Amino acid sequence: MQPVLQLEGAGAERGNAFWLRDVNLTVEPGTLMGVIGRNGAGKTTLFHMICGLSRISEGEVRVNGVSMKQEPEWCKGEMGLVFDDDYFRLDLSVKHAGVIYGAYYSKYSQGKFLDLCKEFGVDARQNLRKLSRGDYIKFQLAFALAHCPSLILMDEPEAGLDSIFRQEWMDLLYDVMEGTCSILFATHLTKELEQRADSVTMLSKGRQIFSNTMLELTEKYKIVRGSKEQMDGLSKHLIGRRRMEHYEEGLFQGEAQGLWEKVSVSKPALADLIEYLDGNFE
């Protein structure tokens, strides 16, 4: 089956310098890929490059096998956007915004948009500026789904919202994915991704650190804890190491047959991977 999104050595420039380089990832149909990294890692630049807001300076971006460089308008029509920034005129009502912006999409349905707004509890008569933060995000999702995209890009839409809403939001996205839609979701809030994501890509300072399925990450990395002597014995396999009150801890990568009985081993959280792989440890 054709990947919904495929990046091969893709990069984007900001000014005269590369801001994002050599990104390789594949999003399969009906899956959710998380994009993680600290603020400034390049997540928003990645999303802008994919949806055409930033120029592709190197490599290739394909949507359902079609080159973004060669057929940008067709590719954009296959994407729905839910971003933290305000790309809609806030003086419009929800209903009127659908009419105005829906005209840019050949497959857009105003009826479907209004039905989704009702399903999500968004008042179509309300002015966009008066919507709560949560309802504004739901409005964006309703609009994105109303033109039947194969890929939805979400750039930290849940930032600043409480944990209860974020969990409800992830449940809603999971229901959306039961169709044929795939989701690329950038966030620095990683707990919800651990429960729902099929795969994760990590960026740091404009470069890709990894792009793996959740299972591959579990097999590739481990958090190990032990005495200084035990950790010294594993030092060549450790990516970062830190001293705790009663033990030392590090991120382990590689084969360690015969060593597991000597140290405590656990699955790393995505937050652990960001902390250890972002270059904060010697």
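Just above, that's the structure.
An account of the accompanying structure is given in this report. (Residues numbered from 1 in each chain as written. Predicted model: local features only at pLDDT ≥ 70, side-chain atom pairs only at ≥ 80, totals over all residues. Heavy atoms only, no water.)

## Some details on the pattern of salt bridges
Side-chain pairs of opposite charge can arise whenever the charged atoms involved come near each other. Definition in use: The salt bridge criterion pairs a side-chain nitrogen of Lys or Arg with a carboxyl oxygen of Asp or Glu, the two atoms within 4 Å. Working definition: helices are DSSP H or I runs of at least four residues, strands are E runs of at least two. Numbering for both runs from the N terminus. Exposure is judged per residue with a 1.4 Å probe applied to protein chains only, and the accessible area is read against the type maximum: over 50% gives exposed, under 20% gives buried, and values in between give partly exposed.
Tallied over the full model, the rule gives 17 salt bridges. Across the salt bridge formed by aspartate 91 and arginine 89, the nearest N and O atoms sit 3.0 Å from each other. Lysine 228 is the partner of aspartate 232 in a salt bridge, and the nearest nitrogen-oxygen pair spans 3.1 Å. Note that aspartate 232 and lysine 228 are positioned in helix 9 (residues 228-233) at a spacing of four residues, about one turn of the helix. Judged by relative accessible area, which is 34%, aspartate 232 ranks as partly exposed. We classify lysine 228 as partly exposed; its relative accessible area is 43%. One network of salt bridges, with partners in common, ties together Lys228, Asp232, Arg241, Arg243 and Glu248.

## Regarding the packing of aromatic side chains
Going by this rule: Between 30 and 60 degrees the pair is tilted, below 30 it is stacked and above 60 it is edge-to-face, where a pair is any two Phe, Tyr or Trp rings, Trp via its six-membered ring, whose centres lie within 6.5 Å.
Throughout the structure, instances matching the rule amount to 12 aromatic pairs. Here phenylalanine 83 and tyrosine 87 contribute two aromatic rings whose centre-to-centre distance is 5.7 Å and whose plane-to-plane angle is 65°, an arrangement assigned as edge-to-face. A residue is classified by how much of its surface remains accessible, and tyrosine 87, at 38% relative accessible area, is partly exposed. Here the aromatic rings of phenylalanine 88 and phenylalanine 139 are separated by 4.9 Å at their centres, their planes lie at 65°, and the arrangement is edge-to-face. Residue phenylalanine 88 is found in the loop between strand 6 (79-83) and helix 3 (94-102), and its partner phenylalanine 139 is found in helix 5 (residues 133-145); the two are separated by 51 residues along the sequence. Phenylalanine 139 matches phenylalanine 88 in its accessibility class, with the two residues each being buried. By the ring-pair criterion, three or more aromatic residues cluster together here, those being Phe88, Tyr101, Tyr105, Tyr108, Phe113, Tyr136, Phe139 and Phe143.

## Here we look at the sheet that holds strand 13 (residues 248-253)
The test is simple: DSSP-based pairing: two strands are paired if at least 2 bridges between them are found. Structural elements are reduced to axes, namely lines fitted to C-alpha atoms, with helices fitted over the stretch in contact, and the angle between N-to-C directions of any two is expressed from 0 to 180 degrees. Working rule for contacts: check all heavy atoms of both residues, and any pair within 4.5 Å makes them a contact.
With respect to topology, four strands assemble into an open sheet ordered 12-13-11-14, the strand pairing being antiparallel. Only two strands of the sheet have a single partner each, and these edge strands are strand 12 (238-243) and strand 14 (264-266). Each adjacent strand pair in this sheet contributes to an overall mean axis angle of 20°, direction not counted. Where strand 11 (residues 221-226) meets strand 14, three bridges bridge the pair, whose relative direction is antiparallel. The residue of strand 14 that forms the bridge with isoleucine 223 is serine 266. Along the sheet, helix 10 (residues 270-277) makes contact with strand 11, strand 12 and strand 13, crossing strand 12 at roughly 95°.

## Remarks on the layout of surface pockets
Using a probe with the size of a water molecule, rolled over the atoms, empty space left in the structure can be pinpointed. Here is the rule: Any residue with an atom within 4 Å of a point lines the site, the site being either a cavity, points on a 1 Å grid over the protein atoms alone where a 1.4 Å probe fits but cannot get out, or a pocket, an open set with protein on both sides within 12 Å along at least 5 of 7 lines. Grid points are joined across faces, edges and corners, and a volume is the space filled by probe spheres set on the points. Under the scheme applied, nonpolar residues are Ala, Val, Leu, Ile, Met, Phe, Trp, Tyr, Cys and Pro; charged residues are Asp, Glu, Lys and Arg; polar residues are all the others, including Gly.
Of the pockets and cavities examined, the largest pocket occupies roughly 590 Å³. Residue lining of the largest pocket: 21 residues in total, with Lys76, Met79, Leu81, Tyr104 and Tyr105 positioned closest to the centre. The set of elements that each furnish at least two residues to the lining of the largest pocket consists of helix 2 (72-77), strand 6 and helix 5. Of the residues assigned to the lining of the largest pocket, the class counts are 12 nonpolar, five polar and four charged. Space inside the second largest pocket adds up to approximately 270 Å³. Around the second largest pocket, the lining is made up of 18 residues, and of these Gly40, Lys43, Thr44, Thr45 and Asp155 lie nearest the centre. Contributing elements (two or more residues each) for the lining of the second largest pocket: strand 1 (5-14) and helix 1 (43-51).

## Digging into the side chain of serine 182
Operational definition: Throughout this description, a polar contact denotes any pair of N or O atoms lying within 3.5 Å of each other; where both atoms belong to protein, one of them has to be capable of donating a hydrogen while the other can accept it, and for residues adjacent in sequence the pair is counted only when both atoms sit in side chains.
Within the fold, serine 182 resides in strand 8 (residues 182-186). Judged by relative accessible area, serine 182 falls into the buried class, the value being 0%. A polar side-chain atom of serine 182 sits 2.8 Å from the main-chain carbonyl oxygen of glutamate 28. Each residue touching serine 182, except ones within four places of it in the same chain, is listed here: Val4, Val27, Glu28, Pro29, Gly30, Thr31, Ser150, Leu151 and Ile152.

## Description of the pairing of strand 10 (residues 207-213)
Here strand 9 (residues 199-204) runs beside strand 10; their pairing, made up of six bridges, is antiparallel. Paired with methionine 202 across the strands is phenylalanine 210, a residue of strand 10. What sits between the antiparallel neighbours strand 9 and strand 10 is a turn of two residues, in which lysine 205 has the positive phi angle 55°.

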